[in-house]
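# Descriptive structure summary
The residues making up each chain are set out below.
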Amino acid sequence: MFPPHAGLTSIEHVFDHSPVTDDPTAPAALLRAPRADRLAAARAAAGQADRRFGITTPGRPLETLPALAALLPGGALSTGAAYSVLGSVALATALLAGPSAAGEWCGVVGVPGFGAEAAAAMGVDLDRTVLVPDPGPELVAVVSSLVGALAVVLVGPPGPVGDAEAGRLAVRLRQRGTALVVCGRWPRSEAELSLTDGDWHGLGAGHGHLSGRLATVTVHARRTARPRQARLWLPDREGRVLAVREAARDLPVRPAATLTRSAAG
Amino acid sequence: MLWCPDWPVTAARQAAGSPPDRPAAVLEAGRLLAVSAAARSVGLRRGLRIRGAQSRCPELVVFPHDPRLEARAFEPVLEAVESVAPGVQVVRPGTCAVRAGGLSRYLGGEADAAAAGLGSVADAGVPGARAGVADGPFVAEQAARTTNGTAPRTRVVDPGAAASFLAGLSVEVLGPLLGDPAAVDLLRRLGLRTVGAFAELDGSVVAARFGADGVRAHRLARGVDEQRLQRREAPPELTRVVEFDPPLDRVDQVAFTLRSTADAFVAALAAQVLVCTGLRVETRDDRGGLITRTWLHPRFFTAADVVDRVRWQIGGGGLAGPVARVDLVPEDVVPHGEQADGLWGGAPDEQLHRALTRMQGRLGHAAVGTAVVGGGRGPVDRLTFVPWGDRPLPRRAGDRPWPGQLPPPLPTTVLPRPVGALVVGPDGAPVAVDERGVLSAAPTRLRISGDRPREGWPADWQPIQAWAGPWAVDERWWEDDAAGRMARFQVVGVDGSAWLLLVDDDARWWVEARYD
């Protein structure tokens with residue numbers, strides 16, 4: 001699944017960033033320290049490596065709609081990561097469309113009115129899309145049992161989800177190679193996509209019919225400060241997702257207020 | 001469906017030239033496989049040991065079981081039936097199916113069509129054949145078997161009456177469908193003695209205990225007729241051809257050589273999530289002679305079944321020389337979901353299937369599934385939710401024109417049940433649509449009044465930025481007069497949210513879908 005060198009680079013990365021020599025808890029000093037301290041330091045180091053390794057494990061890039069690929073960190077939807085989508089079911093569905101059209105099995109959990117036909121127009125292959133409209137109160141448990149069997153799972157508004165619960169699911173996502181797309185906020189998501197300035201075309205005062213929406217999609221990635229933004233047809237006249245301009249713009253670094261909000265949520 | 005009772009006996013007796021009034025039986029592995037009417041009258045039954053049978057009836061004539069002989073003897077019968085109706089399909093030697101549609105229209109009724117079929121069989125020298133007419137081959141065969149020997153020897157099961165007809169039959173008739181002889185025994189021990197009792201079980205329970213075959217049997221028991229089930233055209237690359245060089249004159253040799261091709265044939269179908277229920281076998285000899293025959297299978301063809309059919313067909317005779325070529329053409333293939341053997345052999349699929357079945361165990365059979373887009377005008381009508389493991393069939397056919405359906409782009413959230421809304425004009429009164437489609441006022445404000453259905457939906461009054469409508473919904477007025485006339489609107493609020501609304505005669509509004 002991974003290219004053969006991928007694991008190695010991640011390990012190198014861990015060492016690059018671990019300040020081994022300057023650290024007072026470096027191995028040489030630790031040998032002389034009391035046993036309890038040594039144990040605590042070892043645990044801390046292992047935890048740090050886990051976290052770092054988790055973050056830097058390269059997920060498998062999935063086929064992504066070109067209009068969205070340019071905005072996402074890494075240029076594609078990636079397995080092992082969670083993405084949160086705010087304000088639009090269509091945008092979340094569009095994330096699903098690329099992998100599904102490329103033949104991956106996808107799931108939609110807890111989205112009772114999932115507009116399957118609109119999804120099909122975006123490119124979702126309904127034959128390979130599993131729907132669980134009403135997963136009951138144990139949403140995270142249901143999602144967790146689908147992880148691994150499906151390449152991408154789209155989850156409806158999850159309600160409040162604890163950090164611990166999300167963390168356990170995140171580990172499972174990384175281990176099993178599944179991407180999670182959540183309609184709503186999700187702790188420690190890889191990127192937060194939001195749709196704003198939706199502008200529906202084709203409808204007048206009593207005439208016409210909806211023929212497409214121009215909307216701004218903004219992506220705040222967790223690991224880059226600079227949000228990326230693009231104007232998309234979501235959907236266009238035939239229900240597809242297209243970029244208005246090909247190149248996505250980098251925005252100036254977001255203000256501190258936004259940073260803290262996203263760090264908290 | 002035309003059925004010649006006790007065909008193995010009839011065929012063997014014809015071949016041996018023994019008189020029809022002596023009790024006779026065909027033997028397989030020490031037990032009786034089929035008995036003649038005369039033998040039955042002295043108490044002999046299928047499945048009896050030969051010793052017991054002979055002690056009850058010392059003058060019993062016993063023939064060995066020979067499927068090739070039976071197929072060969074059936075050949076003239078098929079030719080006779082084909083002279084009356086084209087497209088005869090062989091279920092097994094002694095039983096064949098004919099599409100009754102054309103014949104019954106021509107003759108003016110299904111009973112007359114059956115009589116014509118029976119007449120043709122009698123002309124071929126086989127008296128006493130029975131006929132059954134029903135929506136699907138399974139029900140038709142059961143109908144034929146429930147007839148008695150007196151004229152007209154035909155039973156017609158009316159369309160839609162399949163379930164009530166089957167309900168009174170013994171569960172034994174499901175034996176071949178369940179594929180496991182112990183299953184019928186088990187059903188009986190569970191106290192389910194009739195097909196009707198079996199049909200009343202919950203689908204998920206049947207799936208859990210009896211697996212895929214059980215689900216299929218359950219579906220048939222409920223009278224879900226096969227005709228409505230979608231048949232798919234098999235892509236041409238699924239056809240398999242075997243050429244023999246030099247041509248083979250022994251059936252055993254052909255069958256042996258064909259074995260691996262039959263395996264590949266079934267595997268190629270399984271790779272496309274298909275199984276074959278109707279197989280056309282074309283056999284050619286080295287002088288250009290051709291015999292074509294279509295075989296049906298009550299479940300679906302496995303590789304061994306395919307080889308058997310070829311064996312029967314060649315054994316049936318008709319070719320002037322040794323066999324030079326065999327074509328296997330899948331005529332009826334059905335998407336078989338999880339039912340096919342070996343389909344979930346692949347690791348990821350198996351894992352997926354396990355995960356989904358486990359989830360069904362937890363949340364219920366109908367909680368997990370896929371969506372199928374069918375026909376219809378409203379967005380809700382067009383979608384059908386199909387539980388995992390069931391056959392993906394839309395409620396209404398999508399291949400017909402549905403004038404007045406919504407133009408794309410389509411709503412991304414389609415509420416299964418509309419949610420109440422309020423739409424008012426500039427004067428604050430609800431906007432009404434009269435019977436000519438004239439509005440009382442232009443809609444200016446919208447409010448979703450339902451019990452706060454979803455996160456992120458506006459709860460307050462919202463000015464309307466643009467709207468279009470009314471588009472009359474004049475559907476199914478003949479079914480439910482309480483529904484009255486409805487009209488659809490598309491509305492965009494100032495916040496950029498777009499809605500599909502419904503309004504009725506009394507100016508009551510609902511949100512049907514949202515473009516979000």
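A quick note: this is a predicted structure, and the numbers were derived from the prediction, not measured.

Moving on to the interface of chain B and chain A. Across the boundary between the two partners, chain B contributes 42 residues, which contact 50 residues of chain A. Three residues stand out in chain B for area buried against chain A, namely Pro-409, Thr-412 and Asp-516 of chain B, and they jointly supply 15% of the buried area on that side. Counting across the interface, chain B meets chain A through 1 salt bridge. Between the two partners, chain B and chain A, sit 12 residue pairs in polar contact (both at pLDDT 80 or more). Elements represented by at least two residues in the side of chain B that touches chain A include exactly α15 (347-363), β13 (369-373), β14 (383-387), β15 (413-424), β17 (462-473) and β18 (486-493) of chain B. With 9 residues, the single largest contributor to the side of chain B that touches chain A is α15 of chain B.

Residue and element names in this part refer to chain B. Within this structure, the stated rule accounts for 5 aromatic pairs over all chains. When the ring of Trp-7 is compared with that of Phe-74, the centres are 5.1 Å apart and the planes differ by 70 degrees; the resulting orientation is edge-to-face. Taken together, the positions of Trp-7 in helix α1 (residues 7-16) and Phe-74 in helix α4 (residues 67-84) put the pair 67 residues apart, joining distant regions of the chain. In terms of burial, Trp-7 and Phe-74 fall into one category: buried. Here Trp-457 and Trp-499 contribute two aromatic rings whose centre-to-centre distance is 5.0 Å and whose plane-to-plane angle is 80 degrees, an arrangement assigned as edge-to-face. Highlighted residues: Trp-457 in the loop between β16 (445-448) and β17 and Trp-499 in strand β19 (residues 498-504), separated in sequence by 42 residues. Residue class for Trp-457 comes out buried when judged on its relative accessible area of 5%. Grouping aromatic residues by their ring pairs yields a cluster made of Trp-467, Phe-489 and Trp-509. A cation over a ring is seen here: Arg-445 above Trp-461, with NZ or CZ 4.9 Å from the ring centre.

This paragraph deals with helix α10 (residues 181-189) of chain B. Residue and element names in this part refer to chain B. The complete set of buried residues in α10 reads Ala-183, Val-184, Leu-186 and Leu-187. The buried side chains of α10 occupy one side of the element, clustering within an arc of 160 degrees when seen end-on. Opposite the buried face of α10, at more than 90 degrees from it, the exposed residues are Pro-181 and Arg-189. Each element contacted by the buried residues of α10 is listed here: α9 (175-178), α11 (195-199) and α12 (203-221). Just downstream of α10, Gly-191 is the residue with a positive phi angle, here 90 degrees.

Our focus in this paragraph is the environment of Leu-242 of chain A. All names here are of chain A. Position of Leu-242 relative to the elements: it lies in strand β11 (residues 242-243). Given the relative accessible area of 38%, Leu-242 is considered partly exposed. Ignoring anything within four residues of it in the chain, the contact list for Leu-242 reads Ala-67, Leu-232, Trp-233 and Asp-236.

A word on helix α5 (residues 89-101) of chain A. Residues and elements named next belong to chain A. An ideal rise of 1.5 Å per residue puts 18 Å on 13 residues; α5 measures up with 18 Å between its terminal C-alpha atoms. Judged by how many residues are buried, α5 sits mostly within the fold: 12 of 13 residues are covered. Among the residues making up α5, those that are buried are Val-89, Ala-90, Leu-91, Ala-92, Thr-93, Ala-94, Leu-95, Leu-96, Ala-97, Gly-98, Pro-99 and Ser-100. Phi turns positive, to about 100 degrees, at Gly-103, one or two residues after α5.

Another aspect to go through is the confidence of the model for chain B. Of the residues in chain B, 88% reach a pLDDT of 70 or more, and the chain-wide mean stands at 79. Long-range and interchain partners of residues 338-348 of chain B, a stretch whose pLDDT sits below 50, account for 26 contacts in this model, where long-range means more than four residues apart.

Another point: the packing of α4 of chain B against helix α6 (residues 110-123) of chain B. To characterise two packed helices, one gives the angle between the axes of the helices and the distance between these axes. Residues and elements named next belong to chain B. Running from amino to carboxyl end, α4 crosses α6 at an angle of 140 degrees, the nearest separation of the two axes being 8 Å. Taken together, the axis directions place α4 and α6 in an arrangement best described as oblique. Our pair here, α4 against α6, has a crossing hand that is right-handed. Of the residues in α6, those in contact with Val-77, Ala-80, Val-81 and Val-84 of α4 are Ala-116, Ser-120 and Val-121. Residue composition of the contact of α4 with α6, by class: 6 nonpolar, 1 polar and no charged.

Cut-off values and rules
- Position labels on residues start from 1 in each chain and follow its written sequence.
- Chain letters start at A and ligand numbers start at 1, both assigned in the order the entries are written.
- Residue-level local features of this predicted model are given only where pLDDT is at least 70; pairs of side-chain atoms are given and counted only at 80 or more, and the full residue set underlies all totals for whole chains, interfaces and linings.
- With hydrogens and water excluded, all non-hydrogen atoms of the structure serve as input to the side-chain values.
- In what follows, a contact means two residues having at least one pair of non-hydrogen atoms within 4.5 Å.
- Put simply, buried area is how much 1.4 Å-probe accessible surface two parts lose in total, over both of them, once they are put together.
- The salt bridge criterion pairs a side-chain nitrogen of Lys or Arg with a carboxyl oxygen of Asp or Glu, the two atoms within 4 Å.
- The definition of a polar contact used here is a pair of N or O atoms within 3.5 Å, where within protein one atom must be able to donate a hydrogen and the other to accept one, and adjacent residues in sequence count solely through side-chain atom pairs.
- Helix and strand definitions here come from DSSP, where helices need a minimum of 4 consecutive H or I residues and strands a minimum of 2 consecutive E residues; each element is numbered from the N-terminal end.
- Only Phe, Tyr and Trp rings are paired, with Trp represented by its six-membered ring, and only when their centres lie within 6.5 Å; those with planes under 30 degrees apart are stacked, over 60 edge-to-face, the remainder tilted.
- Summary of the burial criterion: residues with accessible area below 20% of their type's maximum are buried, those above 50% are exposed, and those between are partly exposed, where the area comes from a 1.4 Å probe applied to protein chains only.
- We call a charge positioned above a ring when the Lys NZ or Arg CZ atom is no farther than 6 Å from the ring centre and deviates by at most 35 degrees from the ring normal.
- What the arc measures is the spread of directions leading from the helix axis to the C-beta atoms.
- To estimate the expected span of a helix, subtract one from its residue number and multiply by 1.5 Å.
- pLDDT gives the predictor's per-residue confidence on a scale running from 0 to 100.
- Between N-to-C directions, angles cover 0 to 180 degrees, with each direction set by a line fitted to C-alpha atoms, over the stretch in contact for helices.
- Roughly parallel covers angles under 35 degrees, roughly antiparallel covers those over 145, roughly perpendicular covers 65 to 115, and oblique covers all other angles.
- Handedness of a helix crossing follows the sense of rotation of the near helix relative to the far helix, less than a right angle counterclockwise being left-handed and clockwise being right-handed.
- For this classification, the nonpolar set comprises Ala, Val, Leu, Ile, Met, Phe, Trp, Tyr, Cys and Pro, the charged set comprises Asp, Glu, Lys and Arg, and every other residue, Gly included, is treated as polar.

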